[in-house]
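# Observations on the model geometry
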Amino acid sequence: MTGQNEFLKLLRQVHMHYKKFYSRRLSDLRLTPPQYMTLMILMEEGERQMHDLAESLQVSTSAVTNLVDKIEAAGYARRSPHPTDRRALVIALTPEGRRVLAALQKEGLALLGDVFGTMPAAERQVIERFYRNLLSRLDADMAFHASRPNPRRGPR
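Residues numbered from 1 in each chain as written. Predicted model: local features only at pLDDT ≥ 70, side-chain atom pairs only at ≥ 80, totals over all residues. Heavy atoms only, no water.

### Some remarks on the pattern of salt bridges
Spelled out, the test is: Any Lys or Arg side-chain nitrogen located within 4 Å of an Asp or Glu carboxyl oxygen qualifies as a salt bridge. Numbered from the N terminus, helices here are DSSP runs of H or I no shorter than four residues, and strands are runs of E no shorter than two. Exposed residues in this analysis have more than 50% of their type's maximum accessible area, buried residues have under 20%, and partly exposed residues fall in between, with area computed by a 1.4 Å probe over protein chains only.
All chains considered together, the criterion is met by eight salt bridges. When the shortest N-O distance is used, the salt bridge between E45 and R48 registers 3.4 Å. Its salt-bridge partner being R79, residue D69 comes within 2.7 Å of it at the nearest N-O pair. Pair noted here: D69 is in helix α4 (residues 61–73) and R79 is in strand β1 (residues 77–81), with a separation of 10 residues, a long-range link. The partly exposed category is assigned to R79, whose relative accessible area is 23%.

Printed below as a string of C-alpha cells:
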C-alpha cells in the first residue's frame with residue numbers, strides 16, 4: 001500500500017506543478033485557468049454554443065457568459081449568430097486566440113520533450129497507456145455519478 005500512496009502523492013505533485021507551470025504563463029496573458037479551458041475546448045471541438053461550453057466546463061450558463069465576455073474582450077474568441085437557430089449564438093476562436101494557444105502548446109510540448117526526449121519509446125508508451133486508462137476510468141466514474149440523482153438538485 002505504501003507504493004500506491006507514494007504514487008498518488010507523486011501524481012498529485014506533478015498535477016500541482018503542471019498547474020503552476022501554466023498558471024504563470026496564463027497570468028502573463030491575463031487569462032485565468034477557466035478562460036484557458038474555455039479556449040482549449042473551442043480549439044479542440046470547434047465553435048460551441050453557451051450551453052455546450054457550460055456542460056463541458058461543468059459550470060452554469062451564466063458563468064460561461066462571464067468567461068466568454070472576458071475572452072471576447074481580450075480578442076481571443078468571438079460570438080456570432082448560429083447558422084440555423086436565430087435565437088442562439090456560437091462562440092469560436094479568433095486568429096489571435098489560436099496564436100496564443102499555439103504558443104502555450106509549444107511551451108508545454110517543449111517541457112514534455114525535455115522529459116520524454118531521453119526516454120525509450122517503450123517507456124513513453126507505458127506512460128501514455130497509463131494516462132489513457134486513468135482517463136477512461138475517470139470518465140466512467142463521472143458518467144456513473146452524472147446518472148445518479150443529486151440530493152441537492154433533485155433527479156435529472
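### Brief notes about a nonpolar patch on the surface
Quick note on the threshold: Like-charged residues are merged into a patch within 9 Å and nonpolar side chains (Val, Leu, Ile, Met, Phe, Trp, Tyr) within 5 Å, provided each residue has over 30% relative accessible area and no salt bridge. Note that accessible areas follow from Shrake-Rupley with a 1.4 Å probe, and for residues the cover is restricted to the protein chains shown.
Taken together, the side chains of F7, L10, V14 and Y131 make up a nonpolar region of the molecular surface, amounting to roughly 370 Å² of accessible area. By residue number, the principal contributor to the nonpolar patch is helix α1 (residues 2–28), which donates three residues. One can find F7 in helix α1.

### Notes on the pairing of strand β2 (residues 89–93)
The test is simple: In this analysis, strands are considered paired if DSSP registers two or more bridges between them.
Of all five residues that make up β2, four are buried, and the element is covered over most of its length. Inspection of the sheet shows β1 paired to β2 by five bridges, in the antiparallel sense. Bridged to S80 within β2 is V90.

### Describing α4
Where we set the bar: One less than the number of residues in a helix, times 1.5 Å, gives the span that helix is expected to have. Of all possible arcs, the one meant is that of the directions from the helix axis to the C-beta atoms. The contact criterion used throughout is that any non-hydrogen atoms of two residues lie within 4.5 Å.
Between its first and last C-alpha, α4 extends 18 Å over 13 residues, near the 18 Å set by a 1.5 Å rise per residue. Among all positions of α4, only V64, L67, V68 and I71 are buried. Looking down the long axis of α4, one finds its buried residues gathered within 100° of arc, a one-sided arrangement. The exposed residues of α4 that point more than 90 degrees off its buried face are S62 and A73. Lining the buried residues of α4 we find α2 (33–45), α3 (50–57), β1 and β2.

### With respect to the packing of aromatic side chains
Heads up, the rule is: Aromatic contacts are taken between Phe, Tyr and Trp rings whose centres are within 6.5 Å, Trp giving its six-membered ring; a plane angle under 30 degrees counts as stacked, one over 60 as edge-to-face, and the others as tilted.
One pass over the full model with this rule turns up six aromatic pairs. An angle of 25° between the planes, with centres 5.6 Å apart, marks the rings of Y22 and Y36 as stacked. Placement of the pair is Y22 in helix α1 and Y36 in helix α2, with a sequence separation of 14 residues. Neither residue differs from the other here; Y22 and Y36 are each classed as buried. When the centroid spacing of 5.0 Å and the interplanar angle of 75° are considered together, the rings of F130 and Y131 count as edge-to-face. For F130, a relative accessible area of 29% puts it in the partly exposed group. Look at Y131 and you get partly exposed, because its relative accessible area is 41%. Among the aromatic residues, ring-to-ring pairing joins Y18, F21, Y22 and Y36 into one connected group.

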